[in-house]
Every structure is written in C-alpha cells, then in structure tokens.
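Spelled out, the chains give:
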Amino acid sequence: MIASSIKILLIEDNLAEARLLQEFLKQAQSHEFTLLNVKRLGDALSLLSNCNEISCDFDVILLDLTLPDSEGLTSLPPLMSQAPTVPIVVLTNTNDDELAIAAVRQGAQDYLVKRQVNVEVLIRALRYAIERKHTLESLRAVNHALEIRVEERTAELVKAQELNQFKSEFVSMLSHDIRSPLNTILLAASLLQNSGDKLSTEKKLNHYKLICSAIKNMTQLLDEASLLGKADSGRLEREFTLLNLQDFCHQLVEDAQLIAVDKRITVVFTTTGQPTEILSDENLLRHILGNLLSNAIKYSRPDSIVYFELRFKNQTVIFNIKDEGIGIPLEDQKQLFQPFYRANNVGSIPGTGLGLAIVKKCLEAHGGDITVNSEVGVGTTFTVTLPLIKG
C-alpha cells in the first residue's frame, strides 16, 4: 500500500535535471511528493545513516549513475547496504538494455532514460518501484518465517527420532539388566525344587538369599526406570517439607556405613556455615545424595575414606561428596548423566548406569545443579548445589 505522501531522495549533481524532475513531481495529481536532492553518493549515504536521528525516512531513491564520487552501478551496493528496504530507481543518459538488466539484477527496482522521462513515466516508475519493493520485502519476511518454521520442525523431527531411538535402547538395556536377576532366580528355584532334599540347610539358605537379592535388584531397577519415566513425562511430583539437613545427612551416613563396612571404608561427614532448616523434597534429596554416596563407596578402594560435606553459603546449600576411588576418564564425564551410561573403566563393578541419570532428573525437579571433578586413579568429587528455601 503506497502512502499518499511520498518522500524521495534524489542523488543527482546536475541542478537543471534535478529542477526538471521537481517540476514533474509538482504536476502529479495522485500523490504528494517531497524531494530532497544531494549531489554526491557520500552525502546520500551519510543522510541515510542518520535517517532515524533527523526523522527523514525515504520511500524511494532516484539515483543518477554519473556522480562526482561514483560512476555506474558501483553506487548500488553501498546504497542497498545502507538502506536495504528502500527501492532504488536508476537514472541515466544512456538507453542501454544491458545496463538496465544489470541494474535490476543488482537490486534496482527500475531504470529510466532521462530524455524519455515525463510526468506519467516518472510517477509510474516511482509507484511501481515502491509496490515491487514492498512485495519483495513481504516475500522475504514470509520466506524467513518459513525457514525458521522448517528449522524448528526439522529440530522437532530430529528430537523425536532421537527420543524413539533412546526408547528403543532403553527397553533393550532394561530387558538385558532384568534378565540377569531373573536367571539367578530361575536357577536357584530350580535347584531348590529338583535337589532340595539333597541340599544342606546352609546351602538352601544361600539359595534363598540369592533369590531375595535378585528380586531386590530387579525391584530397584524397575523403580529407577519408573522414576526416570515420570521425570521425562513431567510427572515427577515434588512435595516440599521443612527439613533439618544435618539430621537428614547423619541418617544417610548411617545407612551408607552399612554397605561401606564390607570394604572397610569410612564415611566422614562435616558441616560448615550456619545450619538452618530448609524447605526440601525429602524423597528427591534421598535419591540424589543416596545415589552419590552409594557410588562413592562402590568405586572406592578398600581402606579408603569417603568425605561428605554439607555447606550453607549465602542463599545456597552445597553438598560435596568426595572419594578416593578409581576416578572417571575425561571422555566419559560429559555423558555420565545419560541413562545406562557407565564409564569405560568400571570393569566388573556391578551397576545399571541409571543412578546418575536419576540424580540429574531429581536435581532438575528440585531446581538444583551438579558438577563433577575427577581424575583417574585419584578419585572423584561431586558437588550438588540447591537453592536455600527457608520455611
């Protein structure tokens, strides 16, 4: 849609020709024209660069191809760069079709031969140039919007494909990890059924322990998979209650000592800062710290120490869990929180690879963060940071 008042920037060093164009515009009946004439390309570029500051937006540019500081079509690129949305109509003394085509190809909206210009030709050229430029800009905007939408849709499809692949791998790994305790149960049950009368009471008791242990491992695996599923679908519920963190951590340490004693590992708990009760989800926090403490003990050397520190700092609560274990290779550290991923140096140490994935999901639900610092053969430190929410 063309405005009733059209502002024109004329770049023309011949004053006589500039006056003639001004007279033509005065004779126009359909529109009111405002024309500003500059003699040099440099003056025009300066004027366009400050257009917002001096309130002189232009609707169209009339460009003479013979200027004191520019010759031919070399004037087009700097003008289009300075004012990309303003249409340009080229003026020349030469009736040259090749030049006209080259001008349009480089971005000009029209081409006028001066001696052929009259009122009707000039007004029509200006009006068409503005209309074409508006249409072109609209098409560009539509194309840009389509490009963004295509990129977004492509990203959605890639994400969906990755999700489907992950689900397939998840089911495959889960099936594999469940099969092992199931085989243990089947083997022990078969021995009890077929050879029960030949087994001593002690051997029977061992088989029953194997069955109970396998069932416990399988139940834990299914619980962890269920928790991950809830987290991925946004159904991981939070229930904040007032919690004494020191008492809570002491209880975690007592539980951890039950599994640490077999490896003669000592868990040392310390507190720094001013202790305070905070609002927290006890279940999520137990998943987070319980998994990290369990891993620290699992991957530690016998007769070593696991350090568990609780710090109150400013508006945050920080938990540091440090072990003197096997460490995590640098190339594995970026993928630690992926489900079923385990570092390549764990060897025969049992595990499902779900623990740290659960830690990460629980932290996200709790509004917290986790970092890892590890060196192979030296040990690993996990740092958990939670916002301090006082009751």
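Identification of the protein chain as histidine kinase from Fischerella thermalis JSC-11 is taken from an unreviewed UniProt entry. Per UniProt, the protein chain carries the Catalytic activity (unreviewed entry) text "ATP + protein L-histidine = ADP + protein N-phospho-L-histidine."

Scanning the protein chain from terminus to terminus reveals 11 helices and 14 strands. At 38 Å, the protein chain has a C-alpha radius of gyration far larger than the 21 Å of a compact globule built from 391 residues. Expressed as a percentage of its 391 residues, the buried residues of the protein chain come to 39%. A separation of at least 24 residues holds for 68% of the contacts in the protein chain among residues at least 6 apart in sequence. Here the protein chain contributes 39 positive and 49 negative side-chain charges, whose respective centroids are spaced 6 Å apart.

Further remarks concern the pattern of salt bridges. Applying the stated criterion across every chain yields a total of 11 salt bridges. As a salt-bridge pair, R149 and E156 come within 3.7 Å of each other at their nearest N and O atoms. Classification of E156 as partly exposed rests on a relative accessible area of 37%. One salt bridge connects R264 with D303, and the closest N-O pair in it is separated by 2.8 Å. Here R264 is found in the loop between α8 (245-260) and β9 (266-272), whereas its partner D303 is found in the loop between α9 (282-298) and β11 (305-313), with 39 residues between them in sequence.

On to the packing of helix α7 (residues 201-232) against helix α11 (residues 355-366). α11 packs onto α7 with a crossing angle of 35° between their chain directions and a minimal axis gap of 10 Å. In the packing of α7 onto α11, the handedness of the crossing is left-handed. Between α7 and α11, the contacting residues are E224, L227, L228, A231 and D232 on the first element and A357, I358, K361 and C362 on the second. Counted by class, the contact of α7 with α11 contains six nonpolar, no polar and three charged residues.

Here strand β6 (residues 88-92) lies mainly inside the structure; five of its five residues are buried. With burial as the criterion, each face of β6 is covered, one bearing I88, V90 and T92 and the other bearing V89 and L91. Of the pairings in the sheet, the one linking strand β3 (residues 60-64) to β6 comprises four bridges and is parallel in character. The residue bridging D64 from the neighbouring strand is L91, located in β6. Across four bridges, the pairing between β6 and strand β7 (residues 110-113) is parallel. Within the sheet, the bridge partner assigned to L91 lies in β7 and is L112. Considered for its hand, the β-α-β crossover made up of β6, helix α5 (residues 97-105) and β7 is right-handed.

Glancing now at the packing of aromatic side chains. With the rule as written, the count across this model stands at one aromatic pair. Ring centres 5.2 Å apart and planes at 50° place the aromatic pair F269 and F308 in the tilted group. Of the two residues, F269 sits in strand β9 while F308 sits in strand β11, which places them 39 residues apart along the sequence. The class for F308 is buried, based on a relative accessible area of 1%. The ring of F337 carries K360 above its face, with NZ or CZ at 5.6 Å from the centroid.

So, on to the domain arrangement of the protein chain. Here the protein chain is described as being made up of domain 1 (5-117), domain 2 (160-233) and domain 3 (241-387). Look at where the C-alpha atoms of domain 1 and domain 3 centre, and you get two points 71 Å apart.

This next bit is on the environment of G42. Tracing the backbone through its elements, the reader meets G42 in helix α2 (residues 41-49). Along the sequence, G42 and D69 sit 27 residues apart, while their C-alpha atoms lie 7.3 Å from each other.

By secondary structure assignment, the location of S304 is in the loop between α9 and β11. In this structure S304 touches R264, I265, T266 and E324, once residues within four positions along its chain are discounted.

Despite not being glycine, D303 has its phi angle at roughly 65°, a positive value. Even without a glycine there, the phi angle at N314 is positive, about 55°. For N314, the position within the fold is in the loop between β11 and β12 (316-322). Take N314: its relative accessible area is 68%, and that puts it in the exposed class.

With 59 residues, the main nonpolar core has L245, L289, L292, F308 and F319 as its most contacted residues. Here this core gets eight residues from one element, more than from any other, and that element is α9. Built from parts of two domains, this core gets at least three residues from each of domain 2 (160-233) and domain 3 (241-387). Discounting residues that sit within four places of it in the chain, L289 has contacts with F248, L252, F308, F319 and I321. Core analysis: the second largest hydrophobic core is formed by 25 residues, L41, L48, I61 and L73 among them.

Take the UniProt feature "modified residue: 4-aspartylphosphate" (unreviewed entry) in the protein chain next. UniProt feature "modified residue: 4-aspartylphosphate" (unreviewed entry): in the numbering of this structure it lies at D64. Looking at the secondary structure, you find D64 in strand β3. Classification of D64 by relative accessible area gives buried; the value is 3%. Discounting chain neighbours no more than four positions away, the residues touching D64 are I11, E12, D13, L91 and K114.

What counts and how
- Residues numbered from 1 in each chain as written.
- Predicted model: local features only at pLDDT ≥ 70, side-chain atom pairs only at ≥ 80, totals over all residues.
- Heavy atoms only, no water.
- UniProt positions renumbered as here; feature names shortened; annotations may be inferred.
- Helix = DSSP H or I, 4+ residues; strand = E, 2+ residues; numbered from the N terminus.
- Rg over C-alpha atoms; globule rule 2.2 N^0.38 Å.
- Buried < 20%, exposed > 50% of the residue type's maximum accessible area, 1.4 Å probe, protein only.
- Contact = heavy atoms within 4.5 Å.
- Lys, Arg positive; Asp, Glu negative; His and termini not counted.
- Charge placed at Lys NZ, Arg CZ, Asp CG, Glu CD.
- Salt bridge = Lys/Arg side-chain N within 4 Å of Asp/Glu carboxyl O.
- Axes fitted to C-alpha atoms, helices over the stretch in contact; angles between N-to-C directions.
- Left-handed = near helix turned anticlockwise from the far one by under 90°.
- Nonpolar A, V, L, I, M, F, W, Y, C, P; charged D, E, K, R; others polar.
- Pairing = 2+ DSSP bridges.
- Right-handed = clockwise from strand over helix to strand, strands pointing away.
- Phe/Tyr/Trp six-rings, centres within 6.5 Å; stacked < 30°, edge-to-face > 60°.
- Lys NZ or Arg CZ within 6 Å of the ring centre and 35° of its normal.
- Domains from an automatic or database assignment.
- Core = buried A, V, L, I, M, F, W, Y, C linked by side-chain atoms within 4.5 Å.

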